Amino acid sequence: MLQSLTIDHVGIAVKSIDDSLKFWATGLGAETSHREEVASQKVIVAFLDTGQGKTELLEPTSPDSPIARFIDKKGEGIHHIAYRTPNLASTMSRLIEDGARLIYDKPQPGSHGTQINFVHPASAGGVLVELVEYPTREELS
Ligand code: ZN
């Protein structure tokens, strides 16, 4: 069982991080704490400092990025909710044993040096759930 399931971030698909920041940063006053290209997901991400549960803006870097495909189908909007796990491999095995469908067979490199995977919405009540394991258990942000 996961101990104290914590929301790491909410991921929002956007066409342009710079355009989106006019609302999130200028309008709402959120600080951008981190920006990084995540090659495995073909996106640039910007993290907004919105407390323990951060806000992640994801901008596609390629038309075959999962985020580009999401925006094509559904438009900009909430893409996933990410939860921290202390041990991604063991969480993945437990979910697979339970019959859940994961997006990747193996953990993928995420931002901040994390390892990530996603649970398919069909196995998670219609929500794309990201699982995030940080390289250490300490807060890195
Ligand atoms: Zn994310």
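Report on the accompanying structure. In this text, all values refer to a predicted model and were calculated from it rather than measured experimentally.

So, on to the nonpolar core. The biggest cluster of nonpolar side chains holds nine residues, and these are Ala13, Val38, Val43, Val45, Phe47, Leu58, Ile67, Phe70 and Ile71. Looking at this core, the elements that each hand over two or more residues are β3 (43-48) and α2 (66-74). Dropping the residues within four chain positions of it, Val45 is found in contact with Ile17, His34, Arg35, Glu36, Val38, Glu56, Leu57, Leu58 and Ser111. Counting residues in each nonpolar core, the second largest holds eight residues, with Ile12, Val14, Ile17 and Ala30 among its members.

At the metal site, the zinc ion is ligated by His9 (NE2), Glu56 (OE), His80 (NE2) and Glu130 (OE), and these contacts range over 2.0 to 2.1 Å. Classification of the site at the zinc ion rests on its four donor atoms, whose angles at the metal span 82 to 171°, yielding the label irregular. When the donors of the zinc ion are listed by position in the chain, the intervening gaps give H-x46-E-x23-H-x49-E. With Glu56 in strand β4 (residues 54-60) and His80 in strand β5 (residues 77-84), this pair connects stretches of sequence that are 24 residues apart. Just as Glu56 is buried, His80 falls in that class too.

Residue position: Thr114 is located in the loop between β6 (108-109) and β7 (115-119). For Thr114, a relative accessible area of 4% puts it in the buried group. From its side chain, Thr114 meets the backbone oxygen of Ser111 in a polar contact 2.6 Å long. With residues near it in sequence (within four places) discarded, Thr114 still touches Gln108, Pro109, Val132, Glu133, Tyr134 and Pro135.

The next point concerns the sheet that holds β3. Strands belonging to one sheet form pairs held by backbone hydrogen bonds; the direction of such a pair is parallel or antiparallel. Ordered in space as β2-β3-β4-β1-β5-β8-β7-β6, the eight strands form an open sheet in which the pairing is mixed. Because the sheet does not close on itself, it has two edges, and the strands there are β2 (32-38) and β6. Sheet topology note: the strand β1 (residues 6-13)/β4 ladder contains five bridges and is parallel. Residue pairing for β4: Gly11 is matched across the bridge by Glu56.

Now for α2. Considered for burial, the residues of α2 that qualify are Ile67, Ala68, Phe70 and Ile71. Take α2 and look down its axis: the buried residues cluster within an arc of 160°, on one side only. α2 presents Asp72 and Lys73 as exposed residues on the side facing more than 90 degrees away from its buried surface. Tucked inside the fold, the buried residues of α2 contact β1, β3, β4 and β5. The backbone nitrogen of Ile67 lies 3.1 Å from a side-chain oxygen of the residue at the head of α2, namely Ser65.

How each quantity is defined
Residues numbered from 1 in each chain as written. Predicted model: local features only at pLDDT ≥ 70, side-chain atom pairs only at ≥ 80, totals over all residues. Heavy atoms only, no water. Core = buried A, V, L, I, M, F, W, Y, C linked by side-chain atoms within 4.5 Å. Buried < 20%, exposed > 50% of the residue type's maximum accessible area, 1.4 Å probe, protein only. Helix = DSSP H or I, 4+ residues; strand = E, 2+ residues; numbered from the N terminus. Contact = heavy atoms within 4.5 Å. Donors = N, O, S within 2.8 Å, 3.2 Å for Na, K, Ca; no water. Tetrahedral: all angles 85-135°; square planar, octahedral: opposite > 155°, others 65-115°. Polar contact = N/O pair within 3.5 Å; in protein donor to acceptor, adjacent residues only side chain to side chain. Pairing = 2+ DSSP bridges. Arc of directions from axis to C-beta.

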